[in-house]
Amino acid sequence: MTASTAPAANNLEAFFMPFTANRQFKKNPRLLAKAKGVHYWTPEGRKVIDGTAGLWCVNAGHGREEIKQAIAAQLEEMDYAPTFQMGHPKAFELAARHAAMLPGDLDHAFYCNSGSEAVDSALKIALAYQRARGEGTRTRLIGRERGYHGVGFGGISVGGMANNRKFFGSLLPGVDHLPHTHLPARNAFSRGLPEHGAELADELERIVALHDASTIAAVIVEPCAGSTGYLPPPKGYLQRLREICTKHGILLIFDEVITGFGRLGAAFAAEYFGVIPDLMTVAKGISNATVPMGGVFVRKHVYEGLMTGPENAIELFHGYTYSAHPLACAAASAVLDIYKNDGLFQRAAELAPYWEDGVHSLKSAPGVTDIRNLGLAAGIDLESKPGAVGARGYAAFVKAFELGLLVRQSADTLAMSPPLIVEKNQIDEIIDIFGKAIKQAA
Ligand code: PMP
């Protein structure tokens, strides 16, 4: 396209938007042009409070000077270096820092560029590990209904959100799904972890009985499901899942793309729950979303299990051009300093009860059928209009944006997950605007 035929900046046609009703959006566009702290600004200069930390990713708040400087310095020093049969110091330094903060013996880090890549990498590492230890018949993967594990073919196969799967063919074979743990009839308006439903983990025993443990490689779950409407696990559920996996030699993968890096008021959900998975996927808060990055953290036995062949043999035929990209490593290292120096995980833990009271104060707002919270995040369900699932959620989401608040809509559920630097008065503002939005949208 020549300069003379280039579209004007306000022509919204050419961008094919992800996970968006493109035609609807282009009639009523919502643009964000500037960000700092817990706020965005539209191109017209209207201030919008970021109730979702971007997409659950800007945990340390927007526009952090320290990250900016680290990225700029890295760009000056070295823009890019391969990590296939080569290395660069920042990658090793970052992995050592992650290993030091991870619970248990999760002590090796594989890097990629997104949560979706992290999930597909984790599934492949799990399969390769089973094969390397002489258990090559273990090829079956178990996910969960309503699970969200990104959009790679592995991730949508183990994921359990119908719309993310049903348009895309036959997906991976040999996948089963555990039931989801969302039990509104028994657990509505739970504060923190729901009381009921730990026994749903026993469904894994049923799947084992059906297929035999010798065919099952791994189970993947979000310790607290995020994108599907924020569903904290029932008390004791993850512990039971861990026990059953251990008993049958099945690897347990926690997808911590949302829960990792402080969302629950601990570095990781694994730490929060005291349950150590064999592999953990992360992204989002790993780099505070400044440079795309994801990772898979693996336990010692998994890493060592793969290091058994001849020393000159590549142990894992998998990786990305941008695995451990120097700019991502620089950003990720700078954000670790911020998390530590500002005590942001502790801060999230301290704010969580205030947040919980705030979100549950919306209980009697019009059309609210359930509210769930854990750490510094919440999911709020609105009653669906007959024959128009999602219409009410969309109306509330648009209204919130008009009133100056960004929330995340998924059908008739709205999720909120502010940056961990949020102040109490800003939590009040978020709750106030959200309450008005659902009232006006009703
Ligand atoms: N896993 C989980 C649990 C997620 O929440 C997400 C993103 N919301 C992903 C994977 C995919 O991450 P990405 O969009 O970076 O590919």
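This one's a predicted model, so the numbers in the text were calculated from it and none came from an experiment.

## Here we look at helix H3 (residues 65-77)
Between its terminal C-alpha atoms H3 stretches 18 Å, which fits the 18 Å expected from 13 residues at 1.5 Å a residue. When H3 is considered as a whole, its buried residues turn out to be Ile67, Ala70 and Gln74. Each buried residue of H3 lies within a common arc of 65° when the element is viewed along its axis, so the set occupies one face. Opposite the buried face of H3, by more than 90 degrees, sit the exposed residues Glu65, Gln69, Ala72, Ala73 and Glu76. The inward-facing, buried residues of H3 abut helix H13 (326-341).

## Considering the packing of helix H14 (residues 344-360) against helix H16 (residues 424-441)
Close contact between H14 and H16 brings their axes to 10 Å; oriented N to C, the two are set at 20°. Our classification of the angle between H14 and H16 gives roughly parallel. Crossing of H14 against H16: the hand is right-handed. Contact residues: Tyr354, Trp355, Gly358 and Val359 in H14; Lys424, Ile427, Asp428 and Ile431 in H16. Each residue belonging to the contact of H14 with H16 can be placed in one class, and the counts come to 5 nonpolar, 1 polar and 2 charged.

## Here we look at the site of the ligand
Close to the ligand lie 14 residues; Ser114, Gly115, Ser116, Gly150 and Val257 are nearest. Sorting elements by how many residues they give to the shell around the ligand places helix H5 (residues 115-132) first, with 3 residues. Residues that form the shell around the ligand fall into these classes: 5 nonpolar, 7 polar and 2 charged.

## Structural notes on the domain arrangement of the protein
Taken domain by domain, the protein comprises domain 1 (3-60 + 342-441) and domain 2 (67-341). On a C-alpha basis, the centres of domain 1 and domain 2 stand 26 Å from each other. Counting residues at the interface gives 31 residues for domain 1, matched by 31 residues for domain 2. At the level of secondary structure, the elements contributing two or more residues to the side of domain 1 that touches domain 2 comprise helix H2 (53-56), H14, strand E11 (368-373), strand E12 (378-382) and strand E15 (413-416). The element best represented in the side of domain 1 that touches domain 2 is H14, accounting for 7 residues. Of the residues assigned to the side of domain 1 that touches domain 2, the class counts are 16 nonpolar, 9 polar and 6 charged.

## Description of the sheet that holds strand E9 (residues 279-282)
Taken in spatial order, the 7 strands line up as E4-E10-E9-E8-E7-E5-E6 in an open sheet, and their pairing is mixed. Each edge of the open sheet is held by one strand with a lone partner, namely strand E4 (106-112) and strand E6 (175-178). Looking at each pair of strands side by side, their axes are set apart by 20° on average, direction ignored. As defined by bridge partners, E9 adjoins strand E10 (residues 294-299) across 4 bridges and the pair is classed as antiparallel. Considered in E10, the bridge of Thr281 is made with Val296. Strands in contact with helix H4 (residues 89-101) are E4 and E10; relative to E4, the strand with the most contacts, it is inclined by about 135°.

## Digging into the pairing of E11
By the bridge criterion, 5 bridges tie E11 to E12 in an arrangement that is antiparallel. Bridge pairing in E12 links Val368 to Leu382. Linkage of E11 to E12, two consecutive antiparallel strands, is achieved through a turn of 4 residues, within which Gly375 is found at a positive phi near 60°.

## A word on the nonpolar core
Core analysis: the biggest nonpolar cluster contains 125 residues, and Val219, Leu279 and Leu405 have the highest contact counts within it. A per-element tally of this core places H13 first, with 11 residues. Of the domains in this structure, domain 1 (3-60 + 342-441) and domain 2 (67-341) are the two that each give at least three residues to this core.

## Comments concerning unusual backbone geometry
Positioned with a positive phi, Asp212 is a non-glycine residue whose angle comes to about 80°. For Asp212, the location among the structural elements is in the loop between helix H9 (203-211) and strand E7 (216-221). Residue Phe261 is not a glycine yet carries a positive backbone phi of 65°. Positionally, Phe261 belongs in the loop between strand E8 (251-255) and helix H11 (269-273). The buried category is assigned to Phe261, around which 30 C-beta atoms lie within 10 Å.

## Thoughts on the environment of Ser361
Position of Ser361 among the secondary structure elements: in the loop between H14 and E11. Counting along the chain gives 70 residues from Ser361 to Ile431, while the straight-line C-alpha distance between them is 8.3 Å.

Parameters at a glance
Residues numbered from 1 in each chain as written. Predicted model: local features only at pLDDT ≥ 70, side-chain atom pairs only at ≥ 80, totals over all residues. Helix = DSSP H or I, 4+ residues; strand = E, 2+ residues; numbered from the N terminus. Expected span 1.5 Å × (residues − 1). Buried ≥ 20, exposed ≤ 12 C-beta atoms within 10 Å, placed from the backbone. Arc of directions from axis to C-beta. Contact = placed C-beta atoms within 7 Å. Axes fitted to C-alpha atoms, helices over the stretch in contact; angles between N-to-C directions. Parallel < 35°, antiparallel > 145°, perpendicular 65-115°, else oblique. Left-handed = near helix turned anticlockwise from the far one by under 90°. Nonpolar A, V, L, I, M, F, W, Y, C, P; charged D, E, K, R; others polar. Near = placed C-beta within 6 Å. Domains from an automatic or database assignment. Pairing = 2+ DSSP bridges. Core = buried A, V, L, I, M, F, W, Y, C linked by C-beta atoms within 7 Å.

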